[in-house]
Amino acid sequence: MRIRERRPRRCRATRRRGNVLVFSAVLMVVLIGCIAFAVDVGYMMTIRTQAQRAADAAALASAWELIGEERVRGDLATIYTRARVKAVEFAAHNEVGKHSPEVRPNYFNSDPDGDVIIGRIDNPFNPNEVMSLIETDRHNAVTVRIRATKARGQESPMFFGKI
């Protein structure tokens with residue numbers, strides 16, 4: 001008859017000793033990724049708010065130029081030119097990110113996708129109404145677009161987006 005030697009049993013805790021360290025390391029990487037994403041999204045929202053503020057200020061200043069004595073005299077070309085210049089000037093006073101936005105005046109509404117568009121809105125209480133660009137003697141509204149694109153050299157870089 002053989003006598004077996006008893007081996008001491010290993011406790012389960014000693015076999016799982018490194019699991020918490022591996023699990024913590026993986027979760028830490030995920031947590032840092034979530035924080036980086038939140039910082040970038042927060043920065044994008046800040047840039048968007050600053051661009052909206054600049055566009056609103058430029059449109060309001062430009063629309064204010066549509067009201068004046070020149071309109072009564074019928075000098076519409078002067079009014080529209082001054083309105084476009086005011087839109088560019090007021091947009092430049094508001095920083096978007098770390099720079100002033102470049103707004104192109106779009107003289108004579110030659111580009112319907114331009115930065116400054118002067119037109120007419122018949123019902124200002126309807127937010128879905130499309131601006132009419134015909135009947136240039138009756139224009140009463142201004143749209144200003146602020147674009148921060150790479151082509152214009154005004155791209156807003158992300159903090160962690162390149163990683």
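Scroll up for the structure.
All figures in this text were calculated on a predicted structure; none of them were measured in a lab.

The rules behind these values
- Residues numbered from 1 in each chain as written.
- Predicted model: local features only at pLDDT ≥ 70, side-chain atom pairs only at ≥ 80, totals over all residues.
- Heavy atoms only, no water.
- 1 Å grid on protein atoms, 1.4 Å probe; cavity = no way out; pocket = protein on both sides within 12 Å on 5 of 7 lines; lining within 4 Å.
- Points joined across faces, edges and corners; volume = space filled by probe spheres on them.
- Helix = DSSP H or I, 4+ residues; strand = E, 2+ residues; numbered from the N terminus.
- Nonpolar A, V, L, I, M, F, W, Y, C, P; charged D, E, K, R; others polar.
- Core = buried A, V, L, I, M, F, W, Y, C linked by side-chain atoms within 4.5 Å.
- Buried < 20%, exposed > 50% of the residue type's maximum accessible area, 1.4 Å probe, protein only.
- Contact = heavy atoms within 4.5 Å.

A. Summary view of the layout of surface pockets. What the largest pocket holds in volume is close to 180 Å³. Around the largest pocket, the lining residues are L76, A77, Y80, T81, R84, Y107, F108, N109, I118, L133, T136 and H139. Element by element, the count of residues in the lining of the largest pocket is highest for helix 4 (residues 76–92), at five residues. Grouping the constituent residues of the lining of the largest pocket by class yields seven nonpolar, four polar and one charged.

B. How the structure looks around the nonpolar core. Formed by 21 residues in total, the largest nonpolar core has its most connected members in L66, V144 and I146. Ranked by residue count, the leading element in this core is helix 2 (residues 19–65), at seven residues. Once residues lying within four places of it in the same chain are set aside, the contact partners of I146 are A51, A54, A55, A91, V96, P101 and V103.

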